[in-house]
Amino acid sequence: MFSGAELLHQMKEVNVCFGKSQDNRKGKKRKRPNLPKCGWKKRSIFFDLPYWEHLLLRHNLDVMHIEKNVCDSVIGTLLDIEGKTKDSLNARLDLKEMKIRSALHPTPESNMPNASFTMNSKQRSMFCKVLSMVRLLDGYASNISKRVDSVNCKVFGLKSHDCHIIMQYLLPMAVRKTLPREVSIVVIQLSNFFLELCSKVASVDDFEQLENQFVATLCRLEQIFPPAFFDVMLHLPIHLAYEAAVARPVLYRWMYAIERYLHTLKSYVRNKARPEGSIAEAYVAEECMLFCSRYIQGVETKENRSKRNRDGSDCEKRKGISIFSMTGVMIGHEESEYLDHETWKQAHQYVLFNCDEVAEFVE
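What comes next is a walk through the structure. (Residues numbered from 1 in each chain as written. Predicted model: local features only at pLDDT ≥ 70, side-chain atom pairs only at ≥ 80, totals over all residues. Heavy atoms only, no water.)

Digging into helix 8 (residues 204-222)
Short version of the rule: By the criteria applied, helices consist of DSSP H or I runs no shorter than four residues and strands consist of E runs no shorter than two, each listed in order from the N terminus. Take the residue count of a helix, subtract one, and multiply by 1.5 Å to get its expected span. Categorising residues by exposure relies on relative accessible area from a 1.4 Å probe, with only protein chains included: less than 20% of the type maximum marks a residue as buried, more than 50% marks it as exposed, and the intermediate range marks it as partly exposed. Taken from the helix axis, the directions to the C-beta atoms give the arc we talk about. Whether two residues are in contact is decided by their heavy atoms, any of which lying within 4.5 Å being enough.
Between its terminal C-alpha atoms helix 8 stretches 27 Å, which fits the 27 Å expected from 19 residues at 1.5 Å a residue. Within helix 8, the full set of buried residues consists of F207, L210, F214, T217, L218 and L221. Across the axial projection of helix 8, the buried residues extend over an arc of 100°, all falling on one side. In this structure, helix 8 carries D205 and N212 as exposed residues pointing more than 90 degrees from its buried face. Each element contacted by the buried residues of helix 8 is listed here: helix 7 (181-197), helix 9 (232-235) and helix 10 (240-247).

Okay, structure coming up:
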């Protein structure tokens, strides 16, 4: 990777006129001059700052959006989702024009031969079943099963955090039984890269090793997927490990907290003709109500409201034997279920061996 001084030395022959010329203002198309030998077309105006060339990190790539775009590309290609897959007819024609991978060239008999990562209907159904049957902790992620169409084997409407959970935890489980071993291993390595990148504790040596591992993973991906799969978003992760080594953990620099707070500010808008005034008025009103609620007793407010999943406290224990004395709040409607003899026997033994009142008799 070039330093700022090296880049500035390479771009010394580049002449840049910042702003719009008179021809561009009249609507005329700008004629591009011949590129200099260095290969650079433009020198950033930030290099006019005296300290810019000495910065170790001149850009901060957002891990959240990169991870989402990579996840969409992988899932769209594996499930062959129309409009999202990178393995299209044009991608196969590119292989034919480049004269590589002759086994995948489109033919009149079979329009698009199956690649090593192509899944049949049964495998796609199994892939979607893994995503639809997963159960996560409350507040850990959204209900991903609502984004899975098990009938048509499609995944749609994924948010950034949904892709974060799928890419790091669910995708390795889904591809383990649905793809060939040589393909699933590479996809799992890609998932592990983002998992280790987002770790809270890591050293500079760990990030350097992670960068070298991703280079090898990217080369193995190029042996499996078509060239159309490798857009700029799949090449940007190679810089993420270096940025994490310089700027420290990713969780302090990604956009999740900012995007969530922007969603809160957007919810304040009532008059779309005056969005700034609506946000300012609602923000001041919320701050005033929050300040006043701290002095109001006996009224449920934002400060003293119970959590959604309240399990009670030790002082609220019910009367009776110890194993049934714990409190809790039911979620959903009540259902009755009949146990078979074997299940009833197991429940009966569990109660006997975990009840304090029976412990002296068991001994």
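Things to note about the side chain of S73
Inspection of the secondary structure assignment puts S73 in helix 3 (residues 63-78). What S73 contacts, discounting residues up to four positions off in sequence, is K86, F229 and D231.

Re unusual backbone geometry
Phi is positive for D80, close to 55°, though the residue is something other than glycine. Mapped onto the elements of the fold, D80 is located in the loop between helix 3 and helix 4 (89-98). Unusually for a residue other than glycine, K99 sits at a positive phi of about 60°. Assignment of secondary structure puts K99 in the loop between helix 4 and helix 5 (121-133).

Quick word on the packing of aromatic side chains
Test applied: Pairing of aromatic rings covers Phe, Tyr and Trp, the last through its six-membered ring, and needs centres within 6.5 Å; plane angles under 30 degrees mean stacked, over 60 mean edge-to-face, and all others mean tilted.
Per the counting criterion, the structure on display carries eight aromatic pairs. Aromatic pair F225 and F229: ring centres 4.4 Å apart, planes at 15°, arrangement stacked. When its relative accessible area of 1% is taken as the criterion, F225 is described as buried.

A look at the nonpolar core
Selection criterion: What makes a nonpolar core is a set of buried Ala, Val, Leu, Ile, Met, Phe, Trp, Tyr and Cys residues whose side-chain atoms join them at distances within 4.5 Å.
Ranked by size, the top nonpolar core spans 58 residues in total, and within it L78, F127, I166 and L197 carry the most contacts. Elements represented by at least two residues in this core include exactly helix 3, helix 5, helix 6 (160-176), helix 7, helix 8 and helix 10. Ignoring sequence-local partners within four residues, the contact set of F127 consists of L78, L79, M119, L171, A174, V175 and T178. L7, M11, V14 and F47 belong to the second-largest nonpolar core, a separate cluster that totals five residues.

Comments concerning the pattern of salt bridges
Side chains that carry opposite charge are capable of pairing whenever their charged atoms lie near each other. Under the convention used in this document: We count a salt bridge whenever a side-chain nitrogen from Lys or Arg sits within 4 Å of a carboxyl oxygen from Asp or Glu.
Tallied over the entire structure, the rule returns four salt bridges. With a shortest N-O distance of 3.8 Å, K86 and D231 are connected by a salt bridge. Of this pair, K86 sits in the loop between helix 3 and helix 4 while D231 sits in the loop between helix 8 and helix 9, and the two are 145 residues apart along the sequence. Residues D87 and R92 are paired through a salt bridge, measuring 2.8 Å at the closest nitrogen-oxygen approach.

Focus: a nonpolar patch on the surface
Under the convention used in this document: Candidate patch residues must exceed 30% relative accessible area and have no salt bridge, after which like charges are joined if within 9 Å and Val, Leu, Ile, Met, Phe, Trp or Tyr side chains if within 5 Å. Under the convention used here, a 1.4 Å probe and the Shrake-Rupley method define accessible areas, while residue burial counts only the protein chains that appear.
A cluster of nonpolar side chains, namely F18, I45, F46, L49 and Y51, defines an oily patch on the protein surface of about 470 Å² accessible area. Relative to the helices and strands, F46 resides in the loop between helix 2 (22-25) and helix 3.

Section: the packing of helix 3 against helix 6
Selection criterion: For helices, the axis comes from a line fit to the C-alpha atoms of the stretch in contact; other axes are also lines fit to C-alpha atoms, and the angle between any two N-to-C directions lies between 0 and 180 degrees. Relative orientations are named as follows: roughly parallel for angles under 35 degrees, roughly antiparallel for angles over 145 degrees, roughly perpendicular for angles from 65 to 115 degrees, and oblique for any other angle. Crossing handedness is read from the near helix: turned anticlockwise from the far helix by less than a right angle, it gives a left-handed crossing, and turned clockwise, a right-handed one. Three classes are used, and their members are as follows: Ala, Val, Leu, Ile, Met, Phe, Trp, Tyr, Cys and Pro are nonpolar, Asp, Glu, Lys and Arg are charged, and the others, Gly among them, are polar.
Axis separation between helix 3 and helix 6 bottoms out at 8 Å; the angle between their running directions is 45°. On the basis of the axis angle, helix 3 is oblique to helix 6. In this structure, the crossing between helix 3 and helix 6 has a hand that is left-handed. From helix 3, M64, E67, K68, V70, C71, D72, V74, I75 and L78 reach across to helix 6, where they touch S160, C163, H164, I166, M167, Q168, L171 and V175. Along the lines of polarity and charge, the residues of the contact of helix 3 with helix 6 split into eleven nonpolar, three polar and three charged.

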